[in-house]
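Notes for the structure review
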Amino acid sequence: MTAIPVPQKSRLLSAIPRRMILPGILLAALILIPFAAPLITGADPVQISVRDRLALPSWEHWLGQDEFGRDRLARVLYGGQVSLTVAFVATTLACIVGTLLGLIGAYFRGPFEFVTTRLSDVVLCFPPILLALLVVTLFGPGAGTLVAVLSVLYFPSFARIAFSEALRVSSLDFVEASRALGTPSHRIVLGTILPNIAGPVSVQYSLTAAAAITIESGLSFLGLGVVPPAPSWGQMIRGARQFMNQDPLGILIPCVALTLTIYAINFFCDRLRDTLDPKGALGGGKDETSVPVAARVTPPDETADVVASIRDLRLQLARPGGPVDVIQDVSLTLRANQCTALVGESGSGKSLSSLALMGLLPGAIRQAGGALRLRRKSGQMVDLGTLTAKELEDVRGNDVAMIFQEPMTSLNPIHKVGAQMVEAILSHRPMPYADARTRAIDLLELVGINEPARRFDGYPHEMSGGMRQRVMIAMALTCEPRLLIADEPTTALDVTIQAEIIELLQRLRTEYADGLSLLFISHNLGIVSEIADRVAVMYSGQVVEEGPVSQVLNTPHHPYTVALLESMPSSHEELHSARGDRLRAISGTPPLPDARPSGCAFRDRCPIAIPSCADAPPPLFNSADGDRKVRCFRAPEAGSEAAR
Amino acid sequence: MLAFLLRRVAAAIAMLLVVGTIIFSLLVIVPGDPAELLLSTGGGSATQEAIQNLRSEMGLDKPILAQYFSFLINTARFEFGTSIVDGSSIADAIALRLPRTLEIIGVGTVLALIVAIPVGTLAGLRGGGRFDVIASGVNALLTSIPGFVVGTLFIYFFAQVLRVLPAGGYVAFSDDPAQHLQMLVLPATTVALHLATIIFRMTRASVLEMRGHDWVRTATAKGLRRSLVVRRHILRNALGPVITVVGLQLGILLGSTVLVEFVYNWPGLSGLLVTAVEQRDYPTVRAIILTVAAIFIGINLVIDILYSLLDPRIRLK
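On a predicted model such as this, the values are computed, not experimentally measured, just so you know.

Focus: the overall build of chain B
- Scanning chain B from N- to C-terminus turns up twelve helices and zero strands.
- When the helices and strands of chain B are read in sequence order from the N terminus, they spell out α-α-α-α-α-α-α-α-α-α-α-α.
- Counting over 317 residues, chain B shows a buried share of 43%.
- Taking as baseline every contact in chain B between residues at least 6 positions apart, the subset at least 24 positions apart corresponds to 70%.

Rendered as structure tokens:
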């Protein structure tokens, strides 16, 4: 459950979401109608009239009469009263007792915690109906027994939920703060914690109410619940069973009433859960990756050393208000033996651009334009958009491989490391298992893992983050790709480990036989200056500056690149010339994709912006020698291009 | 792994002890004389002599601690004593009827797994899509129908209207296999239907969660076939939580089959239990509930071990 750590007292009341209206009305109707019974029918639910047994519906008896000639409409309505009352009284009792126990356990901890959690464990160990039957044996049937049984049955689930939620809430800052301010415990628990756990508890409340109705009617059906002649739905089904041949209406009516009521509660509960925890809500039902789209125009021929190219890529995010561009006109050329770095703040579009090259875009993102081209091992340059799903699978891992930011979560925790490498090898190169195993162990050794044969049989959780990242690298190399994409491969690691991984990548580049092209994504300019040959700086979904790494980092031309360098603490001497010796934060925040300013996307934060920056978005200006590109009206390239 | 096993077994035994103690103490904390209470079925009070007899028969005249220990020892030896109604052996009655109950639960569970896991997986993989919306909608409706209602309606449609299956009853497999299987269809399907809705929901949620994990993206990035990604990196991971839920539900089913058996006149534990409850035959009720709770705890132990085989990280906890 994604917690919003602010007090939220009136979140439920302030605005009832539209999705709750229908289930709310349905539920309210089904609960209220039985209690309006005297207004609907004047008939007495226990008035026997043997002469009219099993009579069909008539003007006086809309739903007919049952096996004792009692009015069926009255019995369904009054039976509903009994069922609903038993269920809701029991649920409410269970909710109050359980929630209080949970709150006390979570707030005071110690022995309270022990009692709360163990008590729940024990009760949860009995199948509910059996526990109910046990109590009925001792106390005899009846509505009172039912309420008692059901509340005992259900308070543990409330205690559990209240306990774990309260534990979460009471560690939040504002609770700690009021505790420090000396607010009395009961005020904190009831005034601050309780409103914040109301969501999950109310979901549990409706779940429990539905279960309570089911058990109540089940026991009454067995003849061990509500005592006749008082009507209840379970009993009506029990009574009508013997006559279902002559009188199917007799079983259908209470069955429908019971099912509809439970359905209404469940429906309400599902919607409530979705509303409180929108994480569960899904869009579209598409497969998780979106498919690359073929280019409409044939791009110019690439020279033989081009391994991959991105041309005028435009990616859109589907939004309720219409698609929003998250990547605009991004072009990149990746060459053999070259390391290209992609830098920028989080959300600038670095990762999306690289995922696009793998055909791994998230389902919500659509390629709206441009071309993604890749050189296959055959030497042929292909447009990813023209490939079938099967061909894409061939390309991935074989022609281009990727390592990700989070080594801790990028390996499947339940499979052995070796098995995860072998499946990659066997997917692309059919060979005996033993050969694949040897190859995997060799690769583990290559990336510097000690005792590779032992690690091959180990699980990811037995390894450190640095080791897992090495495994990821080894796995990426299993099929000798020409292009390796590394998406912030060191961000999640310790500084010392970072250096080792960078060193490893450097070494692999030189040792790699056919020449490896590396696309290195990072926000760390220090690492970039060490490893990369060229660098592309991204801002708000666009490349704003691109060129050889030494030139761009030493004499940045785009004000954003300047700001990035200034905001970065660095021990790299060569970078100091570019920024003097001050460390500065970039003022403001990058614009969201749907709220970019007109003209240049950076102008709101730009120290050198002029009024005309707002008129039109700057194009990517080329330097005189064509080696550098800058998207800024005030950059030297803009002048040199205008001069030509 | 051995340490893990021992810990789990020890915890299960401790749980059994607690459950036994609670069941024992329920009789002690009931207000009034239990013997008198249990004999007060018909409204009229029992004779003093009958009450005395029952007291000594149930050992209620001994000190509480002595009662408690003899109860524990007898239970551990599966000696549940005799019914206070007709004096027959409770252990024999349970041994006769328990397999019948386990049969409908077993067949029902297999049916439910066969249907619900593939459908739940498909719905989860296409979360929010048309198939998912329809499957989840149907599931929500089916979840809302209590088992005994399903049973009653099944009997009406299949036995009364269509006349293709018997309305209920029981014939031993050894006496007439075909008839036995015919009679098994409706009860097992009823059990399966309810269980399937729960397994569907859990599988769908679990697949939905797992498919968003980084390792799924890694597997796709490696160039694995989609079917392999789904099988090894989504479904395999998703099964852990599903198995846990199935285990919990099996325990709950041991209770709720009471209703299904009652509907179909299937002479499992339930007939014994319902009669015993009606006649306030406390020793019988107690023995049945102890048996079921023990099976429940046993199932959970098995599930824990299965889960640890599926997910090696569990063994560390």
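Observations concerning the overall build of chain A
- From N to C terminus, chain A includes 24 helices and 14 strands.
- By the compact-globule yardstick of 26 Å for 644 residues, chain A is too spread out, its C-alpha radius of gyration being 34 Å.
- Here the C-alpha coordinates of chain A stretch approximately 105 × 65 × 55 Å along the principal axes.
- Counting all 644 residues of chain A, 47% fall into the buried class.
- Partitioning the intrachain contacts of chain A with sequence separation of at least 6 by distance along the chain shows that 66% fall at a separation of at least 24.

Focus on the packing of helix α2 (residues 18-35) of chain A against helix α11 (residues 248-276) of chain A
Residue and element names in this part refer to chain A.
- For the pair α2 and α11, interaxial distance at closest approach is 9 Å and the crossing angle is 150°. Classed by the angle they form, the pair α2 and α11 counts as roughly antiparallel. Relative to α11, α2 is oriented so that their crossing is left-handed. Between α2, through R19, M20, P23, G24, L26, L27 and L30, and α11, the contact on the second element is made entirely by L260, T261, A264, I265, F267, F268, R271, L272, D274 and T275.
- When grouped by side-chain class, the residues that make up the contact of α2 with α11 number eleven nonpolar, three polar and three charged.

Points about the nonpolar core
- Counting residues in each nonpolar core, the largest one holds 254 residues, and the members touching the most others are A132, L133, V535 and V537 of chain A together with I199 of chain B.
- Element by element, the count of residues in this core is highest for helix α10 (residues 226-264) of chain B, at 18 residues.
- In this structure A132 of chain A touches V149, L153, I215 and L219 of chain A, once residues within four positions along its chain are discounted.

Structural notes on the interface of chain A and chain B
- If you look at the interface, chain A gives 63 residues, while chain B gives 63 residues.
- Elements with a minimum of two residues in the side of chain A that touches chain B: α6 (128-139), α9 (185-222), α11, α13 (389-395), β8 (400-403), α14 (407-410) and α15 (417-428) of chain A.
- Of the residues forming the side of chain A that touches chain B, the biggest block, ten residues, is contributed by α11 of chain A.
- Residues that form the side of chain A that touches chain B fall into these classes: 35 nonpolar, 20 polar and eight charged.

Focus on the environment of L167 of chain A
All names here are of chain A.
- By secondary structure assignment, the location of L167 is in helix α7 (residues 143-170).
- Of the residues examined, L167 has 18 C-beta atoms within 10 Å and is grouped as partly exposed.
- Sequence separation of L167 and Q420 is 253 residues, and the distance between their C-alpha atoms is 38 Å.

Quick look at the confidence of the model for chain B
All names here are of chain B.
- Considering every residue of chain B, the mean pLDDT works out to 85; 94% of them sit at 70 or more.
- In the model of chain B, helix α2 (residues 34-39) stands out as the element of lowest mean pLDDT, 68, in contrast to helix α5 (residues 90-125), which has the highest, 92.
- Reported confidence for the predicted complex is 0.83 by ipTM and 0.82 by pTM.

Structural notes on the sheet that holds strand β3 (residues 324-335) of chain A
Residues and elements named next belong to chain A.
- Here four strands make up an open sheet; going across it, the order is β3-β2-β6-β7 and the pairing antiparallel. Here the strands that pair on one side only, and so sit at the sheet edges, are β3 and β7 (381-383). Taken over all neighbouring pairs, the strand axes of this sheet differ in orientation by 5° on average, direction set aside.
- Strand contacts of helix α12 (residues 350-358): β2 (306-317), β3 and β6 (365-375), with the helix running at about 115° to β2, the strand carrying the most contacts.

Topic: the pairing of β6 of chain A
Residue and element names in this part refer to chain A.
- Sheet topology note: the β2/β6 ladder contains eight bridges and is antiparallel. Bridge pairing links R311 to A371 in β6.
- Relative to β7, β6 is paired through three bridges, and the arrangement is antiparallel. Residue pairing for β7: R375 is matched across the bridge by M381.
- Linking β6 to β7, which pair antiparallel, is a turn of five residues; within it G379 sits at a positive phi near 95°.

What to know about the sheet that holds strand β9 (residues 483-487) of chain A
All names here are of chain A.
- Spatial strand order, β8-β9-β10-β4-β11-β12-β14-β13: eight strands in an open sheet with mixed pairing. With one partner strand each, in any of the chains shown, β8 and β13 (621-622) form the two edges of the open sheet.
- In this sheet, strand β14 (residues 629-630) lies alongside β13 in antiparallel orientation, the contact comprising two bridges. Its bridge partner lying in β14, F621 is registered against V630.

Notes on helix α16 (residues 433-446) of chain A
Residues and elements named next belong to chain A.
- With 14 residues, α16 ought to run about 20 Å at 1.5 Å a step, and its terminal C-alpha atoms sit 20 Å apart, in line with that.
- Among all positions in α16, only A436, A440, I441, L443 and L444 are buried. The arc that holds the buried residues of α16, viewed along the axis, is 160°, so those residues lie on one side. Set apart from the buried face of α16 by more than 90 degrees, the exposed residues are A434 and D442.

Considerations on the confidence of the model for chain A
- Averaged over chain A, the pLDDT score is 83; the fraction of residues at 70 or greater is 91%.
- Confidence over residues 576-580 of chain A falls short of pLDDT 50; this stretch has nine contacts with residues more than four positions distant or in other chains.

Here we look at the environment of F268 of chain A
All names here are of chain A.
- Along the chain, the position of F268 falls in helix α11.
- Taking the number of C-beta atoms within 10 Å as the measure of exposure, F268 has 24 and is therefore buried.
- Distance from F268 to G24, taken between C-alpha atoms, is 6.4 Å for residues 244 residues apart in sequence.
- If we ignore the near neighbours within four places in the chain, the residues touching F268 are P23, G24, L27 and S206.

A closer look at unusual backbone geometry
- Phi angles above zero are rare outside glycine, and E480 of chain A is one such case at about 50°.
- With respect to the helices and strands, E480 of chain A occurs in the loop between α18 (465-477) and β9.
- A count of 15 C-beta atoms within 10 Å places E480 of chain A in the partly exposed class.
- Positive phi is not limited to glycine here, since N265 of chain B has a value of about 60°.
- Tracing the backbone shows N265 of chain B in the loop between α10 and α11 (269-278).
- According to the C-beta neighbour criterion, N265 of chain B is partly exposed, with 16 such atoms within 10 Å.

What to know about the environment of H194 of chain B
Residue and element names in this part refer to chain B.
- Looking at where H194 falls in the secondary structure, it is placed in helix α8 (residues 177-210).
- Residue classification places H194 among the buried positions, given that 23 C-beta atoms sit within 10 Å.
- Counting along the chain gives 15 residues from H194 to Q179, while the straight-line C-alpha distance between them is 24 Å.

The rules behind these values
Residues numbered from 1 in each chain as written. Chains lettered and ligands numbered in written order. Predicted model: local features only at pLDDT ≥ 70, side-chain atom pairs only at ≥ 80, totals over all residues. Helix = DSSP H or I, 4+ residues; strand = E, 2+ residues; numbered from the N terminus. Buried ≥ 20, exposed ≤ 12 C-beta atoms within 10 Å, placed from the backbone. Contact = placed C-beta atoms within 7 Å. Rg over C-alpha atoms; globule rule 2.2 N^0.38 Å. Axes fitted to C-alpha atoms, helices over the stretch in contact; angles between N-to-C directions. Parallel < 35°, antiparallel > 145°, perpendicular 65-115°, else oblique. Left-handed = near helix turned anticlockwise from the far one by under 90°. Nonpolar A, V, L, I, M, F, W, Y, C, P; charged D, E, K, R; others polar. Core = buried A, V, L, I, M, F, W, Y, C linked by C-beta atoms within 7 Å. pLDDT = per-residue confidence, 0-100. Pairing = 2+ DSSP bridges. Expected span 1.5 Å × (residues − 1). Arc of directions from axis to C-beta.

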